[in-house]
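# Descriptive analysis of the structure
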Amino acid sequence: AFLSLFDPYFKPKGGPDSGYAAKFVTRPFPQYSNEDFIASLASRSSFPLALTQNVEIAKLPELYNKFVHSTNFRPWFDSRLKLAKVVERGSWIETRLGLDITPVIETLDEFERVDLYEIIKKQVAQETQTIGADQKLLKKLRTDLDTLFYYLPDSLQPMMLNQTMKDCFLDSDESGQLQGRFSAPEGTFKDVGKSPFKWFQSRIGKKAPDKTRNFNPQ
């Protein structure tokens, strides 16, 4: 009962999904601070019955204050939060793998499509650099990015593709050295295949940067 007051911090923020991007990102967890938690106790109208049967309500803030400042609290809290995030990520991956992006794209305007492209591009970059990344998720994200790419205006495609390759595949040093070699041509990309990632792979040839070693376009 004593620890149950921390449970809300181990649950992602709920509520109905809203906005076009809600389905494509993980739900955030509430921010925690000792000061805010202790202050919230003063405004609580009730406490768990099992807790107040053994401790006077007036003494609870002092007990919690000692606990959150003890040497054991932070390791315990961080461990619980880490586990909660792992569970939430697993649930999100399962949902994300089954999400068809095309019907969503068709409801978006140009600005929203570019925004969603940026969101997924960042996810691809993060997963690419993550040790032990979920390969099914990475393939799904790249596929969705490819799909989004062809809904972007032709005038934006060269810029978006160049930036995507730099963010998702090249280190800053590599980007400077290879900038000319991997610059996308002007105009439409309808003639470079169905995947910008395949286009990039074809440009790399046998001198692929390390980040692409495990990339196997399908």
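How each quantity is defined
Residues numbered from 1 in each chain as written. Predicted model: local features only at pLDDT ≥ 70, side-chain atom pairs only at ≥ 80, totals over all residues. Heavy atoms only, no water. Helix = DSSP H or I, 4+ residues; strand = E, 2+ residues; numbered from the N terminus. Expected span 1.5 Å × (residues − 1). Buried < 20%, exposed > 50% of the residue type's maximum accessible area, 1.4 Å probe, protein only. Polar contact = N/O pair within 3.5 Å; in protein donor to acceptor, adjacent residues only side chain to side chain. Core = buried A, V, L, I, M, F, W, Y, C linked by side-chain atoms within 4.5 Å. Contact = heavy atoms within 4.5 Å. Axes fitted to C-alpha atoms, helices over the stretch in contact; angles between N-to-C directions. Parallel < 35°, antiparallel > 145°, perpendicular 65-115°, else oblique. Left-handed = near helix turned anticlockwise from the far one by under 90°. Nonpolar A, V, L, I, M, F, W, Y, C, P; charged D, E, K, R; others polar. Arc of directions from axis to C-beta. Salt bridge = Lys/Arg side-chain N within 4 Å of Asp/Glu carboxyl O.

## A few points about helix α7 (residues 135–149)
If you check α7, its first and last C-alpha atoms are 21 Å apart, about what 15 residues at 1.5 Å a residue would give, namely 21 Å. Taken as a whole, α7 has its buried residues at Leu 137, Leu 138, Lys 140, Leu 141, Arg 142, Asp 144, Leu 145, Asp 146, Leu 148 and Phe 149. For α7, the side-chain oxygen to backbone nitrogen distance between the N-cap and Lys 136 is 3.1 Å, and the N-cap itself is Asp 134.

## Remarks on the nonpolar core
Residues Phe 24, Ile 101, Leu 116, Tyr 117, Ile 120, Val 124 and Leu 148 are the most contacted members of the largest nonpolar core, which totals 24 residues. Looking at this core, the elements that each hand over two or more residues are α4 (73–97), α5 (101–105), α6 (110–128), α7 and α8 (157–168). The element contributing the most residues to this core is α7, with six residues. Dropping the residues within four chain positions of it, Tyr 117 is found in contact with Leu 145, Leu 148, Phe 149, Leu 152, Met 160 and Thr 164. If you look at the next biggest cluster of nonpolar residues, it comprises 19 residues, including Leu 5, Ile 38, Phe 47 and Ala 84.

## A closer look at the packing of helix α1 (residues 34–42) against helix α3 (residues 60–68)
Running from N to C, α1 and α3 point in directions that differ by 165°, and their axes come no closer than 10 Å. Between α1 and α3, the angle falls in the class roughly antiparallel. α3 is crossed by α1, and the crossing has right-handed handedness. Residues Asn 34, Phe 37, Ile 38 and Leu 41 of α1 form the contact with α3, whose participating residues are Pro 61, Tyr 64, Asn 65 and Val 68. Across the contact of α1 with α3, the residue classes tally to six nonpolar, two polar and no charged.

## Notes on α1
For α1, every residue scored as buried is listed here: Asn 34, Phe 37, Ile 38 and Leu 41. Down the axis of α1, the sector holding all buried residues measures 95°, keeping them to one side. The outward face of α1, more than 90 degrees from its buried face, is lined by the exposed residues Glu 35, Asp 36 and Ala 42. Structurally, α1 contributes buried residues whose contacts are with α3 and α4.

## Points about the pattern of salt bridges
Under the criterion given, the structure shown has eight salt bridges. Residue Arg 27 is joined to Glu 88 by a salt bridge in which the shortest nitrogen-to-oxygen separation is 3.1 Å. In this pair, Arg 27 is assigned in the segment before α1 and Glu 88 in helix α4, connecting sequence segments 61 residues apart. Lys 66 is the salt-bridge partner of Glu 62, the closest N and O atoms lying 3.6 Å from each other. Taken together, the positions of Glu 62 and Lys 66, both in helix α3 and four residues apart, correspond to about one turn of that helix.

## Points about the side chain of Arg 96
When you line up the elements, Arg 96 lands in helix α4. On the accessibility criterion, Arg 96 (1% relative accessible area) is buried. Apart from residues no more than four positions distant in its own chain, Arg 96 is found in contact with Lys 23, Phe 24, Ile 120, Leu 137, Lys 140, Leu 141 and Asp 144.

Function cannot be inferred from these measures alone, as they are strictly geometric.
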